2 protein chains.
Amino acid sequence: MTSPTLSDVARAAGVSYATADRVINNRGNVAEKSIAKVREAVAALGYVRNVAAANLSRGRVYRLAFLIPRGSNAFFNRIRQHIEHTAAHQATERVTAEVIEVAAFAVEGLQDSISDLLERDFDGVAIVGLQSAALEVPLAALRDKGVAVVGLVSDLPQAARAAYIGIDNIAAGRTAGRMVGLAHGGRGGRVQTFAGSLDARDHAERLTGFREVLQTDFPQLELLDPIMTKDDAQVLNAQTRQALGQTELTALYNVGAGNSGLIAALQEERGTRPFCVVHELVAHSRQALLERHIDLVIDQRPDVEINRAFTVLRALIDQKELPPMPDLVPTIYVRDNLPADTLTDKMKAKIDD
Amino acid sequence: MTSPTLSDVARAAGVSYATADRVINNRGNVAEKSIAKVREAVAALGYVRNVAAANLSRGRVYRLAFLIPRGSNAFFNRIRQHIEHTAAHQATERVTAEVIEVAAFAVEGLQDSISDLLERDFDGVAIVGLQSAALEVPLAALRDKGVAVVGLVSDLPQAARAAYIGIDNIAAGRTAGRMVGLAHGGRGGRVQTFAGSLDARDHAERLTGFREVLQTDFPQLELLDPIMTKDDAQVLNAQTRQALGQTELTALYNVGAGNSGLIAALQEERGTRPFCVVHELVAHSRQALLERHIDLVIDQRPDVEINRAFTVLRALIDQKELPPMPDLVPTIYVRDNLPADTLTDKMKAKIDD
DNA sequence: CTGAAAGCGCTTACAG
DNA sequence: CTGAAAGCGCTTACAG
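Residues numbered from 1 in each chain as written. Chains lettered and ligands numbered in written order. Predicted model: local features only at pLDDT ≥ 70, side-chain atom pairs only at ≥ 80, totals over all residues. Heavy atoms only, no water.

- By the naming in an unreviewed UniProt entry, chain A is LacI family DNA-binding transcriptional regulator, taken from Sulfitobacter faviae.

Rendered as structure tokens:
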């Protein structure tokens, strides 16, 4: 009934414990014959290595690093917070996580930060990445050193990481498009989008998905050219005012950050304001939802992403199969299905956008 | 740097390892003085018990049971599947999970099944519950035996369980109401709801939430009395046809199961069909979404719930603090943000509704 | 009330 | 290429 141990395997194979261990862990220096015997015994008994015992015996500590863009962006504050939180609550499991800030959205800065990682003894790193071939060399060096690497929120070059933990941004844009379309209830309208920059892959993908759905399923809606904002709240504020003044808009969709500016502009609007969709649930977007200045928030659930980053990195480090994990899905929030607000006041004070 | 062990604590406190262990684990038979000394040492060193080592040494196995309604309901099939899946992938961690089927929605059957649990040696059970005082006695007996109990999907009497793992059904209903309201784009309309039975607390709560939002925020919508369906696809099919024939409906919301019947009725509809919201993403609701027979699915993410049930039960059994966990939130699916379909064909074949 | 010792399933030198 | 033995941080009898 109780699962077989390595001793059982060794006995069944007619070899010593140490030899059985050698083949289980591919330590080499074992006769072909012994390998075969052990393999058979493993199969016959259905042996499965006890990772907890292994970790205990070797005093295993998982040293993880998270490379996150520097700056006071509300979303990344939330990410940072979740990392610290998760790490603290994994104390028992001997996992340490260090947050390393890198210059936001700059290839060279990221490249340097990744190189710096080589000097440190991390077992795994999660990186908010960029699509740039320049990152491939330092990432390869990391991998050669045996460090597990995953892309987080924004992907790295595919070949350079073991996994990507983040949402499908085309799907996110399509979802926004669907909701904007539905909210017109069959009527026509004029829709304005905002983006930080088209160089940011996630922004571009969201716009693409959004456009796809509008063109295909809601042809009665006119889609205006996107306004670029650099994710700056000031810019967003000015642009929103101007857009609202110029023509009759029925919907607004911001694929990027800087929402506090957009919300402020909307707040001054008299009469009916356009239907409004933004990304990421943070203090001010939550409040705007509750106060009815916006209608929908599409969120990528950074809490779930961080949780998953820990799980995936641990699995990669242990070289064991990844556990089954629910898909990461763009989550739609309205004012009625908001999760409880778990931010402390102290954290709130630090957040702006 | 490396965390202190119980030996460190014992040494610092000037007592033997065994005595330190006694106070850490409240085993009793320790002099007040020793207790105090150990407590001080623990505080001074910041000792935290290594659960993995403890489990290893005592050959810990977590034996879990899940009490799930019997029957071929697609949603509970999905739940069952996730339980087996999760259990299988926790093999390394020595967790076993047994699914026990109980007569669906019958207080007496559930009562008996809970009593039967007393004869078995489970460490923790998750129960798809009912609100009935009749359950309190057997549940109290379970608790007295030291078994951890949580309510799953549908809650048990509050005092009788350590936690509830499921969504807030009022919020789910409100969310549906919000979406239905938005989809009218400011126009008037006539809305029909369906429910299995008002005795089912979750159904009643969803209707309540739905009504709240419509009355408050969309007064131009006329809400017809709910039609009772016993969650039976046949009944739903007949009732939907009849309702569609009778008056001009602009929206449909089914708070319960039996959606295949509703979808079939909708499928035959010519011209524009009403906006349609149902609960739970399963094979046929997913397909209906993709084929545009319905517009929205509100899902409670059974995968996340099951995952959480394992985590919470383990924490309760270990008597350790619950790790921080993202709120369980009613998830909105449109055809654009569907997760990849992970069901195998074999599982699909077993599913109907 | 207290302590010494074996054992949980592994890994890691060390000796052959 | 192979094996015996100590140790990871705990729990569990057992002896005092």
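Read on, since the account is not over.
Section: the sheet that holds strand E4 (residues 148-152) of chain A
Residues and elements named next belong to chain A.
- Pairing in this open sheet of five strands is parallel, and the strands run E2-E1-E3-E4-E5 from one edge to the other. Only two strands of the sheet have a single partner each, and these edge strands are strand E2 (95-102) and strand E5 (163-165). Strand after strand, the sheet turns through a mean of 25 degrees between neighbouring axes, direction not considered.
- Bridge analysis of strand E1 (residues 62-69) against E2 gives eight bridges, and the strand direction is parallel. (Pairing = 2+ DSSP bridges. Helix = DSSP H or I, 4+ residues; strand = E, 2+ residues; numbered from the N terminus. Axes fitted to C-alpha atoms, helices over the stretch in contact; angles between N-to-C directions.)

Side note on the protein's contact with DNA strand D
- Near DNA strand D lie 24 residues; those nearest to it are Arg22 and Ser57 of chain A together with Asp21, Tyr47 and Ser57 of chain B.
- Contacts to DNA strand D include Arg22 of chain A, whose side-chain N or O atom sits 2.4 Å from a base oxygen.
- Arg49 of chain B places a polar side-chain atom, nitrogen or oxygen, 2.9 Å from a phosphate oxygen of DNA strand D.
- Mapped onto the surface near DNA strand D, the elements with two or more residues apiece are helix H2 (17-24) and helix H4 (51-58) of chain A together with helix H2 (17-24) and helix H4 (51-57) of chain B.
- Class assignment for the residues of the surface near DNA strand D results in ten nonpolar, nine polar and five charged. (Near = heavy atom within 4 Å. Polar contact = N/O pair within 3.5 Å; in protein donor to acceptor, adjacent residues only side chain to side chain. Nonpolar A, V, L, I, M, F, W, Y, C, P; charged D, E, K, R; others polar.)

Observations regarding the relation of the copies chain A and chain B
- Rotating chain A by 180 degrees and moving it 0.0 Å along the rotation axis overlays it on chain B with an RMSD of 0.1 Å. As the rotation angle and translation indicate, the two copies are arranged about a two-fold axis. (Least-squares fit on C-alpha atoms with pLDDT ≥ 70 in both.)

Structural notes on the interface of chain A and chain B
- In this assembly, 48 residues from chain A lie in contact with 48 residues from chain B.
- For the pair chain A and chain B, the summed buried area comes to about 4000 Å², and 56% of that belongs to carbon and sulfur atoms.
- Along the contact surface separating chain A from chain B lie six salt bridges.
- Here Asp336 of chain A makes a salt bridge to Arg174 of chain B, at a shortest N to O gap of 2.9 Å.
- One can count ten residue pairs in polar contact (both at pLDDT 80 or more) joining chain A with chain B.
- Examining the composition of the side of chain A that touches chain B, we find that seven residues originate from one element, helix H8 (residues 169-183) of chain A, more than from any other. (Contact = heavy atoms within 4.5 Å. Buried area = accessible area lost by both parts, 1.4 Å probe. Salt bridge = Lys/Arg side-chain N within 4 Å of Asp/Glu carboxyl O.)

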